[in-house]
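Descriptive analysis of the structure
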Amino acid sequence: MELFTSYGISKNIIDFVQNSEDALYNKFKELDEVLLYNQLKVLSSFKQNKVSERHFMQTTGYGYNDEGREIIDKVYAEVLGSDAAMVRSQFFSGTHAIVTALFGVLRPGDTLLSVTNEPYATVKTAISSDKASGTLSEFEIKYKQVNLTSDGEIDIEAVKNAIDSSVKMIYIQRSTGYDNRKAIGITEIKNAISEIRKVKNDIVIFVDNCYGEFIEKLEPSQAGADLVAGSLIKNIGGGIAQSGGYIAGRADLVIMCSQRLNTPGVGLDSGANFGQNRNILQGLFLAPKITNQALKNAMLMGHCFKRLGYKIYPDIDDKRSDIIQAVCFDTKKQVEFFCKAVQEVSPIDSHVTPYAWDMPGYDTDVIMAAGCFIAGSSIEMSADSPLTEPYTVYFQGGLTYEHGKLAVMNILGKMDLVK
Ligand SMILES: *Cc1c(COP(=O)(O)O)cnc(C)c1O
């Protein structure tokens, strides 16, 4: 107890958090059941593809005949339920993978139709912005949007009406992003896709799968999506992959995207692995468990703040489809306090104070607390907020549940919320 007291964690806080954990017992059991299923899925893909020590070998230069890279593409494709995948450290982030997929498939005159409100801030900038050059709009690719219903669901009828002959691609963002809404679940994605196909069968359905991998037993490709993309410093990298992104889906589309990332004519067959294969594979192997821990952290955080009277989303009983827990505060100060407390309880850079800054690609200042082994990794514990009204903080990650639990305790202590 002395150790806890010296961190400002009182007996009352410990009991308060413990009560939430106890209340979540059945929910945690459900998560563990999904975890076991996904762990077997990953393990069987490793076995099926005879992943071996030689696949860890580093390649340099052009990276031709990189057997390890080819195996990783296969294993990812299987795990994601896709025909093909391209997993590359050359993608510097999730945004890079997503935007590569858009440029890979869309051509001048085509329309991209987003059906889940505005895309994530950095993707939105790449679609069209006065402040950036080389956007999709500069290449005469048009953009339309159908907002979610007031219940936060895909507005199927409005989407069907918005589809005309120029609409080549549908954009679905699974995770909350900086929006005021819950994530879009696999069942909802599946229903939306089957309805959309009734209007236009050959439309390309793209899903931004950031924060979505291993939350459910099925992935978007298994719900009918043609193409998905995500980040290796989120769920699927398991906290071990050092950088990178992936695109997975229909083989012809993945090849088109590879021509964009690399060059037309070379496509999938290039890209040195810089010795990252072991990290990518080990991270994937751990990812179901790491995602499970992040989900438990999110739920525990949400449960505690809901008991204290704050609005949260997703709500405790909402079906989750990403690792985010949004907590709605009343003031900027509270958001700053929350982020400061997350930074303080991080293993790295615990002594620094996070401030909002003009991050590249975002159109407002963003505050981000992240004391990570891998810079900016948000499967490691992080909390961020655009620091504008409504004052919502987005909490996610944490490689172990115990770290998450300590973070909740530290936040409650520092914000002085439990008497
Ligand atoms: C994280 C994220 C992205 C990509 O962001 P990067 O920081 O570039 O990896 C895109 N969409 C959503 C919903 C995200 O959460």
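Here, the structure is the one placed above.
Attention here is on the structure that accompanies the text. (Residues numbered from 1 in each chain as written. Predicted model: local features only at pLDDT ≥ 70, side-chain atom pairs only at ≥ 80, totals over all residues. Heavy atoms only, no water.)

1. Some details on the side chain of S258
Of note, S258 is situated in helix α9 (residues 251-261). Assessed through its relative accessible area of 0%, S258 is described here as buried. Only 2.6 Å separates the side chain of S258 from the backbone oxygen of I255, close enough to count as a polar contact. Dropping the residues within four chain positions of it, S258 is found in contact with M86, T263, G267 and L268. (Helix = DSSP H or I, 4+ residues; strand = E, 2+ residues; numbered from the N terminus. Buried < 20%, exposed > 50% of the residue type's maximum accessible area, 1.4 Å probe, protein only. Polar contact = N/O pair within 3.5 Å; in protein donor to acceptor, adjacent residues only side chain to side chain. Contact = heavy atoms within 4.5 Å.)

2. Considerations on the pairing of strand β7 (residues 245-249)
A regular strand places its side chains so that they alternate between the two faces of the sheet. Most of β7 is tucked away: 5 of the 5 residues are buried. Here β7 shows a buried face lined by G245, I247 and G249 and a second buried face lined by Y246 and A248. Alignment of strand β6 (residues 227-231) against β7, held across 5 bridges, turns out to be antiparallel. By the bridge assignment, V228 is partnered in β7 with A248. (Pairing = 2+ DSSP bridges.)

3. Overview of the environment of C257
With respect to the helices, strands and loops of the structure, C257 is situated in helix α9. For C257, a relative accessible area of 0% corresponds to the buried category. Setting aside residues no more than four positions away along its own chain, C257 makes contact with M86, T100, A101, G104, V105, L227 and I247.

4. Regarding the sheet that holds strand β9 (residues 325-328)
Spatial strand order, β8-β9-β12-β11-β10: 5 strands in an open sheet with antiparallel pairing. Each having just a single partner strand, β8 (311-313) and β10 (367-370) make up the two edges of the open sheet. Taken pair by pair, the neighbouring strands of this sheet meet at an average axis angle of 20°, ignoring direction. Direction of pairing for β8 relative to β9: antiparallel, over a ladder of 3 bridges. Counterpart to K311 in the pairing with β9 is C328. Of the strands in this sheet, β10, β11 (382-385) and β12 (392-396) touch helix α11 (residues 332-344), which is tilted by about 25° from β10. (Axes fitted to C-alpha atoms, helices over the stretch in contact; angles between N-to-C directions.)

5. So, the sheet that holds strand β3 (residues 142-145)
The mixed open sheet is built from 7 strands, whose spatial order is β1-β7-β6-β5-β4-β2-β3. At either end of the open sheet lies a strand with only one pairing partner, and these are β1 (84-88) and β3. Geometrically, the sheet is characterised by an average inter-axis angle of 20° between neighbouring strands, direction not taken into account. Relative to β3, strand β2 (residues 111-114) is paired through 4 bridges, and the arrangement is parallel. Each residue of the ladder has a partner; that of L112, found in β3, is Y143. Across the sheet, helix α5 (residues 94-105) touches β2, β4 (167-173), β5 (204-208), β6 and β7, and the angle it forms with β6 is around 155°.

6. A short note on the packing of aromatic side chains
Within the structure shown, the criterion is met by 14 aromatic pairs. Three or more aromatic residues joined by ring pairs form one cluster here, namely F305, Y310, F329, F338 and F395. Above the face of the F103 ring, R260 is positioned so that its terminal group lies 4.2 Å from the ring centre. One residue, R307, lies across the ring of F16, its end atom 3.7 Å from the ring centre. (Phe/Tyr/Trp six-rings, centres within 6.5 Å; stacked < 30°, edge-to-face > 60°. Lys NZ or Arg CZ within 6 Å of the ring centre and 35° of its normal.)

7. A short note on the packing of helix α2 (residues 11-23) against helix α10 (residues 277-307)
One can describe the packing of α2 onto α10 by two numbers: an axis separation of 9 Å at closest approach and a directional angle of 115°. Seen along the crossing, α2 lies across α10 with a hand that is right-handed. Residues F16, V17, N19, S20, E21 and A23 of α2 pack against L300, H303, C304 and R307 of α10. Of the residues that constitute the contact of α2 with α10, the class distribution is 5 nonpolar, 3 polar and 2 charged. (Left-handed = near helix turned anticlockwise from the far one by under 90°. Nonpolar A, V, L, I, M, F, W, Y, C, P; charged D, E, K, R; others polar.)

8. Focus: the pattern of salt bridges
Enumeration over the complete set of coordinates arrives at 24 salt bridges. Note that K124 is salt-bridged to E118, the shortest N-O span being 3.6 Å. The exposure class of E118 is partly exposed, given its relative accessible area of 42%. One salt bridge connects D315 with K306, and the closest N-O pair in it is separated by 2.8 Å. According to the relative accessible area criterion, D315 is partly exposed, its value standing at 26%. For K306, a relative accessible area of 40% puts it in the partly exposed group. Among the charged side chains, a salt-bridge network with shared partners connects R174, E216, E219 and K319. (Salt bridge = Lys/Arg side-chain N within 4 Å of Asp/Glu carboxyl O.)

Read these as spatial facts, not as claims about activity.
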